[in-house]
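Coordinate inspection notes
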Amino acid sequence: MAITLYELAGADPALVFSPYCWRTRLALAHKGLDVETVPWCFTETDKLAFSGQGKVPVIVDGAKATHDSWAIAEYLDAAYPDRPSLLGGQAGAAHARFINAWTDGVVLPGIARLVVRDILDVLRPQDQPYFRTSRERAFGMTLEQVQEGREARVVEWRRALAPARTVLKAQPWLGGAVPDYADYILAGSLMWPRCVSRFQLLEDDDAMALWFARVRGLFGGMAEAARTA
Ligand SMILES: N[C@@H](CCC(=O)N[C@@H](CS)C(=O)NCC(=O)O)C(=O)O
């Protein structure tokens, strides 16, 4: 039976853009598991009530629901040990945990400051007030103000990726010789701006851009073919 994945979508249900949901999408593909996706929009709280919380991704595998992208990766490795490993055992998981924390703590907040206003335009009209109000409260300013001056600020964000760039100049994947969940954490996060905005975050000749293109080409070009704004 296929695993059901609830994932964040825009007004166009095919436009799925959450950095966390993309991690899970790529993780499920890595495991070679059948997936049925359910698009979820910000104000559809009832639709996730069964999971006991209000965020995506959520997966349902048989009778078991799991939420949180990291917990899902751990679950998939534990439940499907005979399929390619996502986390690479105890040591691999410990290192991937750092990539997860660095991406959540440094990379994603930087991306938000570059594209958060663009997100509004891909949402259903009924979800826009919630998104604007909740995010403006978090930032303490309007979405327009958050995004202002991004052409200059993007340079700083690119510089912050230096640790990953150094690794990817020495090896093809964050996982080493083959991609693993570390790659999906960071690349899944880069799918977020790619799907919601036309603003160019990575320069074309950046080693990061070349690696990101390689990740998008995995699994029959699944991420490459994703709907964008
Ligand atoms: N730590 C969670 C974060 C999940 C999360 O924040 N998801 C966002 C979508 S990107 C969400 O569902 N937000 C709902 C809301 O803001 O109301 C994970 O890794 O899955």
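Keep in mind the model is a prediction, meaning the values are calculated, not measured.

**Description of the packing of helix 8 (residues 162–170) against helix 10 (residues 207–221)**
- Direction vectors running N to C along helix 8 and helix 10 enclose 70°, while the axes themselves pass 9 Å from each other. As the angle between them shows, helix 8 and helix 10 are arranged roughly perpendicular. The interaxial crossing formed by helix 8 with helix 10 has left-handed handedness. Where helix 8 approaches helix 10, its residues Ala 164, Arg 165, Leu 168 and Lys 169 are matched on the opposing element by Ala 207, Met 208 and Trp 211.
- Counted by class, the contact of helix 8 with helix 10 contains 5 nonpolar, no polar and 2 charged residues.

**Examining the nonpolar core**
- Ala 27, Tyr 181, Leu 186 and Ala 187 are the most contacted members of the largest nonpolar core, which totals 55 residues.
- Within the residue set of this core, elements represented by two or more residues are strand 1 (3–8), helix 1 (19–31), strand 3 (58–61), helix 3 (69–79), helix 4 (89–122), helix 8, helix 9 (181–196) and helix 10.
- Split by domain, the residues of this core number at least three in each of domain 1 (3–79) and domain 2 (89–221).
- Beyond its immediate stretch of four places on either side in the chain, Ala 187 contacts Leu 26, Phe 212 and Val 215.

**So, the domain arrangement of the protein chain**
- Taken domain by domain, the protein chain comprises domain 1 (3–79) and domain 2 (89–221).
- Inter-centroid distance (C-alpha atoms) of domain 1 to domain 2 is 18 Å.
- Listed as interface residues are 17 residues of domain 1 and, on the opposing side, 20 residues of domain 2.
- If you list the elements that add at least two residues to the side of domain 1 that touches domain 2, you get helix 1 and helix 3.
- Of the residues belonging to the side of domain 1 that touches domain 2, the class tally is 12 nonpolar, 4 polar and 1 charged.

**Some thoughts on the site of the ligand**
- Taken together, Leu 8, Ser 18, Pro 19, Tyr 20, Phe 42, Gly 54, Lys 55, Val 56, Pro 57, Asp 68, Ser 69 and Trp 70 make up the full set of residues adjacent to the ligand.
- Grouping the amino acids of the shell around the ligand by side-chain chemistry returns 7 nonpolar, 3 polar and 2 charged.

**Focus on the pairing of strand 3**
- Summarising the sheet, strand 1 and strand 3 pair through 3 bridges and their orientation is antiparallel. Opposite Tyr 6, over in strand 3, you have Val 58 as the bridge partner.
- For strand 3 and strand 4 (residues 64–67), the ladder comprises 4 bridges, and the chain directions are antiparallel. Bridging from a neighbouring strand, Val 58 pairs with His 67 of strand 4.
- Linkage of strand 3 to strand 4, two consecutive antiparallel strands, is achieved through a turn of 2 residues, within which Gly 62 is found at a positive phi near 65°.

Definitions and cut-offs
Residues numbered from 1 in each chain as written. Predicted model: local features only at pLDDT ≥ 70, side-chain atom pairs only at ≥ 80, totals over all residues. Axes fitted to C-alpha atoms, helices over the stretch in contact; angles between N-to-C directions. Helix = DSSP H or I, 4+ residues; strand = E, 2+ residues; numbered from the N terminus. Parallel < 35°, antiparallel > 145°, perpendicular 65-115°, else oblique. Left-handed = near helix turned anticlockwise from the far one by under 90°. Contact = placed C-beta atoms within 7 Å. Nonpolar A, V, L, I, M, F, W, Y, C, P; charged D, E, K, R; others polar. Core = buried A, V, L, I, M, F, W, Y, C linked by C-beta atoms within 7 Å. Buried ≥ 20, exposed ≤ 12 C-beta atoms within 10 Å, placed from the backbone. Domains from an automatic or database assignment. Near = placed C-beta within 6 Å. Pairing = 2+ DSSP bridges.

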